[in-house]
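# Fold and geometry: a report
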Amino acid sequence: MPNIILAKKAGFCFGVKRAVDEALNCQKEKSKKIYTLGPLIHNKDVVSELEGKDIHSITMEDINMLQKDDVIVIRSHGVSKATIDLLKERHLDIVDASCPYVKHIHNIVQKYYEDGYQIVIIGDENHPEVIGINGWCNNSAIILNQGEVKTKLARKVCVVCQTTERQENFKRAINSIAEECKEFVVFNTICSATEERQKSAAELAGQVDIMIVVGDKTSSNTNKLYEICKNKCHKTFHIENHLELNKFFHKDIDISNMNIGITAGASTPDNVINEVISKLKGDVCNG
Ligand code: SF4
């Protein structure tokens, strides 16, 4: 049987767990259909499980179909100020499950924007969390994806980053800003849950023969874990659940004496991780 080692920190983070629990509790309490603005988490299995419990993901375009007092849950990524205002205008029952760490970034951005600072966000401009953050400075932020400043910065700059950003990118961006700008204030808003997962994944990937990263292909923090592990362990595989193990492991590959590391993104539930471990211990190694 292979030696399977789970990273010290892996799987559901505090913010995601909190958002899922709030939606479930809310549905129980109100005993009616609950809507979430976008999938509550980046995990197809969990989203379809929630559907079964009358918790449905909708898009901004679907908002017009909702009635007064319909319940709408804001997911852990958070949303822009304009979105909150729109939901209020429509008299919806808003359950704000934005992660408190993301909310903290909104507060920083709003305050410094009002104080006349140019906001810089280090992160992916297409990620909902970054879109939401930008919405607290009237969508005026400069967004640095690869950590290099390409535009002229204002005299006073306030820098924040996406909670799942990699430390290396963050440092590169700060160095680049320092070359361009004399007065800037920096908030390292990388979430400790992300950092801890990245650190323990890197540590483990450096010690094993094979590394498996479990999580949805659309989850940015899972994709980042994959990149980090791949740097340390050439044989790193990204799977969404145990069903995908067969793509990489089949009976001709003997993994019985191997050390296999496992990590998982912040939106991967424990049962999905456990199924992968059981399959590796059982089916896969038995061929
Ligand atoms: S990764 Fe961190 S910031 Fe993002 S939802 Fe989880 S706890 Fe919150």
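Reading the values: rules and limits
- Residues numbered from 1 in each chain as written.
- Predicted model: local features only at pLDDT ≥ 70, side-chain atom pairs only at ≥ 80, totals over all residues.
- Heavy atoms only, no water.
- UniProt positions renumbered as here; feature names shortened; annotations may be inferred.
- Helix = DSSP H or I, 4+ residues; strand = E, 2+ residues; numbered from the N terminus.
- Rg over C-alpha atoms; globule rule 2.2 N^0.38 Å.
- Buried < 20%, exposed > 50% of the residue type's maximum accessible area, 1.4 Å probe, protein only.
- Contact = heavy atoms within 4.5 Å.
- Near = heavy atom within 4 Å.
- Nonpolar A, V, L, I, M, F, W, Y, C, P; charged D, E, K, R; others polar.
- Core = buried A, V, L, I, M, F, W, Y, C linked by side-chain atoms within 4.5 Å.
- Salt bridge = Lys/Arg side-chain N within 4 Å of Asp/Glu carboxyl O.

As recorded in an unreviewed UniProt entry, the chain goes by 4-hydroxy-3-methylbut-2-enyl diphosphate reductase and comes from Clostridium amylolyticum. For the record of the chain, the UniProt heading Sequence similarities (unreviewed entry) holds the text "Belongs to the IspH family." As recorded by UniProt, the Function (unreviewed entry) comment attached to the chain reads in full: "Catalyzes the conversion of 1-hydroxy-2-methyl-2-(E)-butenyl 4-diphosphate (HMBPP) into a mixture of isopentenyl diphosphate (IPP) and dimethylallyl diphosphate (DMAPP). Acts in the terminal step of the DOXP/MEP pathway for isoprenoid precursor biosynthesis."

Let us now look at the overall build of the chain. Within the chain, the regular secondary structure consists of 10 helices and 12 strands. In summary, the chain has a C-alpha radius of gyration of 21 Å against a globular reference of 19 Å for 287 residues, a match within 12%. Out of the 287 residues belonging to the chain, those deemed buried represent 53%. Counting only contacts in the chain whose residues sit at least 6 apart along the sequence, the fraction spanning at least 24 positions is 71%.

Before going further, it helps to spend a moment on the UniProt feature "binding site: dimethylallyl diphosphate" (unreviewed entry) in the chain. The feature "binding site: dimethylallyl diphosphate" (unreviewed entry), as given by UniProt, occupies H42, H77, H127, S219, S220, N221 and S267 in the numbering adopted here. With respect to the helices, strands and loops of the structure, H42 is situated in the loop between β2 (34-37) and α2 (44-52). Setting aside its immediate chain neighbours within four residues, H42 contacts R75, H77, H127, D216, T218, S219, S220 and S267. Residue placement: H127 occurs in the loop between β6 (118-122) and α5 (128-134). The contacts of H127, once residues within four sequence positions are left out, are H42, H77, Q162 and S220.

In the vicinity of the ligand, the contacting residues are C13, G15, S76, C99, Y101, T163, C191 and T194. Classifying every residue of the shell around the ligand gives four nonpolar, four polar and no charged.

By secondary structure assignment, the location of L204 is in helix α7 (residues 192-205). Overall, L204 belongs to the buried group, its relative accessible area being 6%. Separated by 98 residues in the primary sequence, L204 and H106 place their C-alpha atoms 34 Å from one another. Setting aside anything within four residues of it in sequence, one finds L204 in contact with I5, L6, A7, M211, G261 and I262.

With that settled, the discussion passes to the environment of A201. Here A201 shows up in helix α7. Taking the relative accessible area as the measure of exposure, A201 reaches 0% and is therefore buried. Excluding its chain neighbours within four sequence positions, the residues that come into contact with A201 are M211, L225, C229 and T263.

To continue, consider the nonpolar core. In terms of nonpolar packing, the biggest core is built from 26 residues, with I63, I72, V109 and I119 touching the most fellow members. The set of elements that each furnish at least two residues to this core consists of β2, β4 (71-74), α3 (81-89), α4 (100-114), β6, α5 and β8 (156-161). With four residues, the single largest contributor to this core is α4. If near-sequence neighbours (up to four positions away) are discounted, V109 is found in contact with I119, I133, W136, C137 and V160. In this structure, C26, C191, A193 and A266 belong to the second largest nonpolar core, which totals 19 residues.

Turning our attention to the pattern of salt bridges. For the structure on display, the rule yields 15 salt bridges. Put simply, K9 and E196 hold a salt bridge, and the shortest N to O gap is 4.0 Å. Residue K9 is found in the loop between β1 (3-6) and α1 (14-30), and its partner E196 is found in helix α7; the two are separated by 187 residues along the sequence. Judged by relative accessible area, E196 falls into the partly exposed class, the value being 35%. A salt bridge links E227 to R166; the shortest N-O distance between them is 2.9 Å. On the criterion of sequence distance, the pair formed by E227 in helix α8 (residues 220-232) and R166 in the loop between β8 and α6 (167-180) is long-range, its members being 61 residues apart. A network of salt bridges, in which partner residues are shared, links K44, D216 and E240.

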